[in-house]
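A structural walkthrough
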Amino acid sequence: MFQALPHTLGMPAPTVRLLTTCHSRRNRVEYEGLLDISEQLLSELLAEATRPRGQLIGASFTTRRAIRRLKPPLGAFGDVP
């Protein structure tokens, strides 16, 4: 699923690799009970997660417009306007 991100959202390859690594390690914890998470990996993931959306994703005008359209409508998750 992560392999499509560079093509669909222009996400940089290093970010995709980081997400893939974290996802597979999360699966190991869930399915095998093996906790293999380093402080460095966690700090890299947090750094990526806190980057502005326009920097994280290759922010061409078309991409930004598509992302805005992906936002759920107000109230979709029980939030009240």
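Summary of the structure given here. (Residues numbered from 1 in each chain as written. Predicted model: local features only at pLDDT ≥ 70, side-chain atom pairs only at ≥ 80, totals over all residues. Heavy atoms only, no water.)

Quick notes on the overall build of the chain
Counting its regular elements, the chain contains 5 helices and 0 strands. Seen in sequence order, the chain has helices and strands lined up from the N terminus as α-α-α-α-α. Of all 81 residues assigned to the chain, the portion counted as buried reaches 17%. A separation threshold of at least 6 residues defines the contact pool for the chain, and within that pool the share at least 24 residues apart is 39%. Total accessible area on the chain is roughly 6,300 Å²; 60% of this is exposed by carbon and sulfur atoms. (Helix = DSSP H or I, 4+ residues; strand = E, 2+ residues; numbered from the N terminus. Buried < 20%, exposed > 50% of the residue type's maximum accessible area, 1.4 Å probe, protein only. Contact = heavy atoms within 4.5 Å. Areas by Shrake-Rupley, 256 points an atom, 1.4 Å probe, with all protein chains shown as cover.)

Quick word on the environment of phenylalanine 2
As for its placement among the helices and strands, phenylalanine 2 is situated in the segment before helix 1 (5–8). Taking the C-alpha atoms as reference, phenylalanine 2 lies 6.2 Å from valine 16; in sequence the two are 14 residues apart. Beyond its immediate sequence surroundings of up to four residues, phenylalanine 2 is in contact with Val16, Leu19, Thr20 and His23.

Topic: helix 2 (residues 13–32)
Taking 1.5 Å per residue as the helical rise, helix 2 with its 20 residues ought to reach 28 Å, and the 28 Å between its terminal C-alpha atoms agrees with that figure. Residues of helix 2 that are buried: Thr15, Val16, Leu18 and Cys22. The arc that holds every buried residue of helix 2, seen down its axis, measures 160°, which confines them to one face. For helix 2, the exposed residues lying more than 90 degrees away from the buried face are Pro14, Arg17, Tyr31 and Glu32. Within two residues after helix 2, glycine 33 carries a phi angle of roughly 75°, on the positive side. (Expected span 1.5 Å × (residues − 1). Arc of directions from axis to C-beta.)

Considerations on a nonpolar patch on the surface
On the surface, a cluster of nonpolar side chains totalling about 480 Å² of accessible area is made up of Val29, Leu35, Ile37, Leu42 and Leu46. Looking at where leucine 35 falls in the secondary structure, it is placed in the loop between helix 2 and helix 3 (39–49). (Patch = residues over 30% accessible without salt bridge, like charges linked within 9 Å, V, L, I, M, F, W, Y side chains within 5 Å. Salt bridge = Lys/Arg side-chain N within 4 Å of Asp/Glu carboxyl O.)

What to know about the pattern of salt bridges
Counted according to the given criterion, the structure contains 3 salt bridges. Of the charged contacts, one joins aspartate 36 and arginine 25 as a salt bridge, the two residues approaching to 4.0 Å between their closest N and O atoms. On the criterion of sequence distance, the pair formed by aspartate 36 in the loop between helix 2 and helix 3 and arginine 25 in helix 2 is long-range, its members being 11 residues apart. Each of the salt bridges in this network shares a partner with another, and the network as a whole consists of Arg25, Arg28 and Asp36.

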